[in-house]
Amino acid sequence: MTINAFAAVPPPAPYGPVPSPRQLQWERGQMEAFVHFGMNTFTNKEWGYGDESPSLFNPTDFDANQIVGVIKKAGFQGLVLTCKHHDGFCLWPSKYTEHSVKNSPWMDGKGDVVRLISDACHKQGLKFGVYLSPWDRNRADYGTPSYITYYRNQLRELLTNYGPIFEVWFDGANGGDGYYGGARTTRTINGNYYDWANTYKLVRELQPNAVMFGGPDVRWVGNEAGYAPDPCWETSEGPEVGTNKSNAWIPAECDVSIRPGWFYHPQEDNQVKTVSQLLDIYFNSVGKGCNLILNIPPDKEGQIYPTDAKNVDEFGSIIRKTFAKDIAKGATVTASETRGNDPRYSPSNVVKGGRNSYWCTDDGVTTATLTLKLKKPTTFNVVRIMEYIPLGQRVEAFSLDYEQDGKWTEFASGTSVGYQRLLRVPEITADAVRLRITKSAASPVISDIGLFQLPGE
Ligand code: FUL
């Protein structure tokens, strides 16, 4: 008889709701770009009334490769295009309406912005997503049941003819005054009008890997500034909304424009967000366990304006360079305890730079310490902590200390971690760094602790 000297300890059970594979994949992409382009670009408006003539849509030098190239190079995982905004004008030749590019002078009515952008995305290795405004100020039947059929027909066109879709964006702005086929009235809609459950079903059927913003997969963070609240739990919709005790995994997405408006306006050319503002937004969105969707609107030529392109490029390159070098790699890690003393849950997993392994404790343990002894005294100003979210969001409070010349000093603390928590701290030179988990809803499961140096601005 052989006696197994080491009986493998099973992993912890998940705590609360956990992400679906499509959510996990989307969260790991961290940020996407929004592209607001359409009739408003040519009328210099934010919200078109719906009575604009298709003849006004006429980009002079539309270049999908330039738009997609800028976004890809900056490091975004994908791009979400406003295929139809509230004014109802369609950027693709939908067979269900005349209010589209097919009646514009651009490319003699033969153009298709959705085709050109989605093709360029797929060619350049960027994911493609669609925004289709539920509110339509052009349609005569908006507010009646036939409009819902129209909306779903359009969604079917977009989700069938343009390759894989990674995100479908359902905007919450709804109802109000508009052209409505010439009626020029105000239409209010009731809560059940859209019958969302069946629209969600259609998306699942046509694009099972797509996440739905404003639907079952991704929630609005609650503002359009790009700043998540603190804490920002990845769970929502339950008895305790906005806590980590609710019953659905619905991470937040922070939508913000690089300009004051969502559409391009020449008068805002000197109000493009600076690299430092973009970095602040990054740390307050991606750094709080959310995804960032940054809007970069093409101009009337049909390209990203040089200032926007330059700032987004510099922002992307700073992020890339900062996170390419993890100072914590190679550190010796010890923990207050390790689950069953099983090496599969070894503390050293947190400095592997990966998110597929983790350190964890025995069940029932809700406070713990992880200490990283650095190879040599090292300077950093950013700390990254990641939970292994396939087992849920568990940590509720933590503190960070550093050791210098044998003396420990606390330098940061926080509550939620989730997929990722980034802390920007004053420059610290340390011999060792310690994560103290002071409160956890279930035994903590940590996949990464990283230390980085963001270059001075
Ligand atoms: C809002 C819309 O009304 C804005 O025009 C923009 O599209 C923004 C992303 O969502 O609800």
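Scoring rules and cut-offs
Residues numbered from 1 in each chain as written. Predicted model: local features only at pLDDT ≥ 70, side-chain atom pairs only at ≥ 80, totals over all residues. Heavy atoms only, no water. Buried < 20%, exposed > 50% of the residue type's maximum accessible area, 1.4 Å probe, protein only. Helix = DSSP H or I, 4+ residues; strand = E, 2+ residues; numbered from the N terminus. Pairing = 2+ DSSP bridges. Axes fitted to C-alpha atoms, helices over the stretch in contact; angles between N-to-C directions. Parallel < 35°, antiparallel > 145°, perpendicular 65-115°, else oblique. Left-handed = near helix turned anticlockwise from the far one by under 90°. Contact = heavy atoms within 4.5 Å. Nonpolar A, V, L, I, M, F, W, Y, C, P; charged D, E, K, R; others polar. Expected span 1.5 Å × (residues − 1).

*Asks:* Explain the pairing of strand S19 (residues 445-452) to me, please; I cannot follow it from the model alone.
*Replies:* Two faces belong to every sheet, and in a regular strand the side chains alternate between them. Counted residue by residue, S19 has eight buried out of eight residues, so it is predominantly covered. Pairing geometry for strand S14 (residues 359-360) and S19, over two bridges, is antiparallel. Its bridge partner lying in S19, Cys 360 is registered against Val 445. Sheet analysis places strand S15 (residues 368-387) next to S19, joined by six bridges and oriented antiparallel. Counted as the bridge partner of Arg 384 is Gly 450 from S19.

*Asks:* Before we go on, may I ask you to explain the packing of helix H7 (residues 275-285) against helix H8 (residues 306-324) in this structure?
*Replies:* Two quantities define a packed helix pair, namely the angle between the helix axes and the distance between the axes. Across the interface, H7 lies against H8 with an axial gap of 9 Å and an inter-helix angle of 50 degrees. Judged by the angle between their axes, H7 and H8 are oblique. Where H7 crosses over H8, the handedness of that crossing is right-handed. Each of Val 275, Leu 278, Leu 279, Tyr 282 and Phe 283 in H7 lies in contact with H8, whose residues at this interface are Asn 311, Val 312, Glu 314, Phe 315, Ile 318, Ile 319 and Phe 323. Per-class residue counts for the contact of H7 with H8 are 10 nonpolar, one polar and one charged.

*Asks:* Sorry if this is basic, but what is going on with helix H5 (residues 145-161) here?
*Replies:* Since there are 3.6 residues in each turn of an α-helix, residues three or four apart along the chain are aligned in direction. A rise of 1.5 Å per residue sets the reference length of H5, with its 17 residues, at 24 Å; its end C-alpha atoms lie 25 Å apart and thus fit the reference within 8%. All buried positions along H5 are accounted for by Tyr 147, Ile 148, Tyr 150, Tyr 151, Gln 154, Leu 155, Glu 157, Leu 158 and Leu 159. Those residues of H5 that are buried are in contact with strand S2 (78-84), helix H4 (113-124), strand S3 (127-132), strand S4 (167-169) and helix H6 (196-206). Immediately downstream of H5, the backbone of Gly 163 shows phi near 75 degrees, a positive value.

By themselves, these observations are geometric and do not establish any function.
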